[in-house]
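Read off the chains here:
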Amino acid sequence: MPLKIFLSDRLVDEADAKVSVFDHGLLYGDGVFEGIRVYGGKVFLHDEHIERLYESARAIRLVIPMEAAALKKAVEETVAANNLSDGYIRLVVTRGAGSLGLDIRKTSNPQVIIIADTITMYPPETYTNGMKLVTASTIRNHPGALSPRIKSLNYLNNIMARIEGTDAGMVEALMLNHKGEVAECTGDNIFIIKKGVLLTPPKDAGILEGITRNAVMRLAREAGYPVREEPLTRHDLYVADECFLTGTAAEVVAVVSLDGRPIGTGKPGPITNDLLKRFQELTKKGGF
Ligand code: PMP
């Protein structure tokens, strides 16, 4: 079934959803985006995603041509128009069409695009058996160059690392930051569990401050697990009891080995499984 796409200010048929070849989103990766889940027809953690989108836009000096409330409504209308019950929304704002140069003053009309579809992030067996990771040689963008906290359309950094994972026969890759510390995977945040404590890199470690990450930290604290945000090395991961990734598309997925070293028992761990269960309950409930 062809989709209805929200483009600029209205819903159009997929076949008519076209953007200019002069759009700086295409020419330069100049824009911001969000990936959002829909569970039971309800947009999950909608406010959090809208807030991060506006923060990313502010950081790159992009003025989103809609108020947050109107944009939220447009997302909900797109979900309804596509009869989407469980799926994935891609919300994109590009700088808009401009000249063949970098000057943002020569662009006009930032372009809003909303796609409501489905997504399969990793093969289904990954969710029962866990995934294996390798460390990519491509380091995460230096925050002083392009902050990983901005969810920009420029994903080449992640794509370069993901290619390394694919070359190694894996579906993800671990990225380190410019200091050699653990940052995140190419589309997910990372956690370890050591002696019952959840540990994850802090938000200034060269990561996107994931909305699933924040939700899982809250669920973990509510369940009585201590949670600490602190710098981690690969060694911490090698000797962890458990490891898992979080992301909107990925949800919660266990990691069972890194660079050929089994993590813990080499199987998805009990706390990971408990948090996965709690996360699934949260999605059923529609949020906190
Ligand atoms: N890091 C990166 C690089 C990502 O692309 C994503 C997916 N948006 C995440 C982390 C996880 O963030 P969230 O939980 O907000 O989807």
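Fair warning: this is a prediction, and the values are worked out from it, not measured in the lab.

Description of the sheet that holds strand β2 (residues 10-13)
Right, so step 1: Spatially, β2-β1-β6-β5-β3-β4 is the arrangement adopted by the 6 strands of the open sheet, whose pairing is antiparallel. Both outer strands of the open sheet, β2 and β4 (42-43), are each paired with one neighbouring strand and no more.
Right, so step 2: The pairing of strand β3 (residues 31-39) with strand β5 (residues 87-94) spans 8 bridges and is antiparallel. Within β5, the residue paired with G35 across the bridge is R90.
Right, so step 3: Here helix α3 (residues 68-81) sits on the sheet in contact with β1 (4-7), β2, β3, β4, β5 and β6 (111-117), set at roughly 40 degrees to β6.

Regarding the domain arrangement of the protein
Right, so step 1: According to the domain assignment, the protein contains domain 1 (4-117) and domain 2 (126-285).
Right, so step 2: Between domain 1 and domain 2, the contact holds 21 residues from the first and 12 residues from the second.
Right, so step 3: With 8 residues, the top contributor of residues to the side of domain 1 that touches domain 2 is β3.
Right, so step 4: For the side of domain 1 that touches domain 2, the per-class residue count stands at 9 nonpolar, 7 polar and 5 charged.

Regarding the site of the ligand
Right, so step 1: Around the ligand, the structure places 14 residues, and the nearest of them are L208, G210, I211, T212 and T248.
Right, so step 2: Among the residues making up the shell around the ligand, the classes are represented as 2 nonpolar, 9 polar and 3 charged.

Here we look at the nonpolar core
Generally speaking, nonpolar side chains in soluble globular proteins are found buried as a group.
Right, so step 1: In terms of nonpolar packing, the biggest core is built from 64 residues, with I114, L174, C243 and V255 touching the most fellow members.
Right, so step 2: In this structure L174 touches L133, V134, T135, A136, V182, C185, I190 and L258, once residues within four positions along its chain are discounted.

Quick notes on the packing of helix α6 (residues 211-222) against helix α8 (residues 270-285)
Right, so step 1: It is at 10 Å that the axes of α6 and α8 come closest, and there the two elements cross at 110 degrees. Classified by the angle between their axes, α6 and α8 sit roughly perpendicular to one another. Seen from above, α6 lies across α8 with right-handed handedness. Contact residues: α6 offers A215, V216, L219 and A220, while α8 offers L275, R278, F279 and L282.
Right, so step 2: In terms of residue class, the contact of α6 with α8 is built from 7 nonpolar, no polar and 1 charged.

Quick look at unusual backbone geometry
Right, so step 1: Despite not being glycine, N83 shows a phi value in the positive range, around 50 degrees.
Right, so step 2: Turning to its location among the elements, N83 is positioned in the loop between α3 and β5.
Right, so step 3: What makes N83 exposed here is the crowd of 11 C-beta atoms within 10 Å.

Some remarks on the confidence of the model for the protein
Right, so step 1: Taken residue by residue, the protein gives an average pLDDT of 97. The fraction at 70 or more is 100%.
Right, so step 2: This prediction of the complex comes with two scores: 0.97 for pTM and 0.99 for ipTM.

Thoughts on the environment of K179
Right, so step 1: Structurally, K179 is set in the loop between β8 (173-176) and β9 (182-185).
Right, so step 2: On the neighbour-count criterion, K179 (12 C-beta atoms within 10 Å) is exposed.
Right, so step 3: Measuring from C-alpha to C-alpha, the distance between K179 and S152 comes to 22 Å, with 27 residues separating the pair along the chain.

Conventions used here
- Residues numbered from 1 in each chain as written.
- Predicted model: local features only at pLDDT ≥ 70, side-chain atom pairs only at ≥ 80, totals over all residues.
- Pairing = 2+ DSSP bridges.
- Helix = DSSP H or I, 4+ residues; strand = E, 2+ residues; numbered from the N terminus.
- Contact = placed C-beta atoms within 7 Å.
- Axes fitted to C-alpha atoms, helices over the stretch in contact; angles between N-to-C directions.
- Domains from an automatic or database assignment.
- Nonpolar A, V, L, I, M, F, W, Y, C, P; charged D, E, K, R; others polar.
- Near = placed C-beta within 6 Å.
- Core = buried A, V, L, I, M, F, W, Y, C linked by C-beta atoms within 7 Å.
- Buried ≥ 20, exposed ≤ 12 C-beta atoms within 10 Å, placed from the backbone.
- Parallel < 35°, antiparallel > 145°, perpendicular 65-115°, else oblique.
- Left-handed = near helix turned anticlockwise from the far one by under 90°.
- pLDDT = per-residue confidence, 0-100.

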